[in-house]
Amino acid sequence: MADDRVGIVAVTYFSAEVIAPFLDSVEGALSLTPQIILVDNTPGDDGLAARVATDPYVSVVRPGSNVGYGGGMNAGVARLPKDIEWIVLANPDVVLGKGSIDILIDAARRHPEAAAFGPLIRSDDGAIYPSARKLPSLRTGIGHATFVRIWPGNPWTTSYRNDLASVDEHAVGWLSGAFLLVRRSVFDSVGGFDKRFFMYFEDVDLGRNLGLAGWKNIYVPSSEVLHHGALSTSRVAKTMLRAHHTSAYRYLAKRYHQWYLLPVRLVLRIGLWLRGRLAKG
């Protein structure tokens, strides 16, 4: 691994208070010293730059406005040196497990047919987060959205959240953008994240785009990280709820774009709008 170069990009939003555990965990996760880019979407100054000012391997990029998660990731990747081979895309409220990045890079060596590699992600309570899933279809998407709150064990949700049934390394439709290793050359070749997804579904869309380009997404549960989750988005919960439903529609409309599916897209738009209104109470 001596010839590899690794870059880490995290998009921050009022993340100054959680950035230290994230950065402190990097050393034990990787046998190399990575270049780290923090793309700060925070309006004003929450003190993030001051907290990392003494670290020569960490740079803070301020886009000038909140460009969203995918747009922020793209901006951060663009700032990395061109000879960096591997990119870790991460939320700043993640704590990396020992050797977690090294394990993902080892998996990438075993799977030259794959472009993206994701670890097992645990929540604060130790539960496994469903971070490696099938691509949502109309059937599973509608079934999951309709029944997940009232019937969590429904077959559509079970099918969609397919990583909980397996602890084996295997190919999946997409991997959570909360923590993801990607080949830099492939990420660039597919145009990175679609920045039209301000928040949510940008990782689903990336997984699909990698698959369309002939690459696989590999779930690697021997690598493990802890995700505290929603520490930034909880500040703007209503805005994020609207963003989730907007992105869900955008993804399905992008996947089912044919002219003859216009009635289906209209039903999806209305249904997701209603679900968003009901969820807000």
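Look up: the structure comes first, before these words.
Residues numbered from 1 in each chain as written. Predicted model: local features only at pLDDT ≥ 70, side-chain atom pairs only at ≥ 80, totals over all residues. Heavy atoms only, no water.

Caption draft 1: Broad picture of the pairing of strand E12 (residues 216–227). The pairing of strand E5 (residues 94–96) with E12 spans three bridges and is classified as antiparallel. Looking at the pairing, Val 95 lines up with Leu 226 of E12. As defined by bridge partners, strand E6 (residues 114–122) adjoins E12 across eight bridges and the pair is classed as parallel. In the strand pairing of E12, Phe 117 is matched with Ile 218. For strand E9 (residues 170–172) and E12, the ladder comprises three bridges, and the chain directions are antiparallel. (Pairing = 2+ DSSP bridges. Helix = DSSP H or I, 4+ residues; strand = E, 2+ residues; numbered from the N terminus.)

Caption draft 2: Examining unusual backbone geometry more closely. In the Ramachandran plot, Phe 14 falls in the positive-phi region, its phi being about 50° despite a non-glycine side chain. Within the secondary structure, Phe 14 is located in the loop between strand E1 (6–12) and helix H1 (19–29). Residue classification places Phe 14 among the partly exposed residues on the basis of a relative accessible area of 28%. The backbone phi angle of Phe 201 is positive, close to 70°, even though this residue is not glycine. As for its placement among the helices and strands, Phe 201 is situated in the loop between helix H7 (184–189) and helix H8 (202–212). (Buried < 20%, exposed > 50% of the residue type's maximum accessible area, 1.4 Å probe, protein only.)

Caption draft 3: Molecular detail of the pattern of salt bridges. The final tally for this structure, using the stated rule, is seven salt bridges. Close ionic contact of Arg 184 with Asp 188 constitutes a salt bridge, the shortest N to O distance being 3.0 Å. In this pair, Arg 184 and Asp 188 both sit in helix H7, four residues apart, roughly one turn of the helix. Asp 188 sits in the partly exposed class, given a relative accessible area of 41%. (Salt bridge = Lys/Arg side-chain N within 4 Å of Asp/Glu carboxyl O.)

Caption draft 4: Helix H3 (residues 68–79), seen in detail. Across its 12 residues, H3 extends 17 Å between first and last C-alpha, which sits within 8% of the 16 Å expected from 1.5 Å per residue. At its buried positions, H3 is contacted by E1, strand E2 (35–40), strand E4 (86–90), H7 and H8. (Expected span 1.5 Å × (residues − 1). Contact = heavy atoms within 4.5 Å.)

Caption draft 5: Structural context of the packing of aromatic side chains. What the rule picks out here adds up to two aromatic pairs. On the numbers, 5.0 Å between centres and 90° between planes, the contact of Tyr 13 with Phe 14 is edge-to-face. Between Phe 187 and Phe 193 the ring centres are 5.7 Å apart and the planes differ by 75°, which places this aromatic pair in the edge-to-face class. (Phe/Tyr/Trp six-rings, centres within 6.5 Å; stacked < 30°, edge-to-face > 60°.)

Caption draft 6: Representation of H8 in the model. When you tally the buried positions in H8, you get nine out of 11 residues, the bulk of the element. Taken together, the buried positions of H8 are occupied by Glu 202, Asp 203, Val 204, Asp 205, Leu 206, Gly 207, Arg 208, Asn 209 and Leu 210.

Caption draft 7: Structural context of the environment of Arg 196. On the secondary structure map, Arg 196 appears in the loop between H7 and H8. Given a relative accessible area of 51%, Arg 196 falls into the exposed group. Along the sequence, Arg 196 and Gly 71 sit 125 residues apart, while their C-alpha atoms lie 8.0 Å from each other. In contact with Arg 196, other than residues within four places in its own chain, are Arg 250 and Lys 254. At 2.7 Å, the side chain of Arg 196 and the side chain of Asp 194 are in polar contact. (Polar contact = N/O pair within 3.5 Å; in protein donor to acceptor, adjacent residues only side chain to side chain.)

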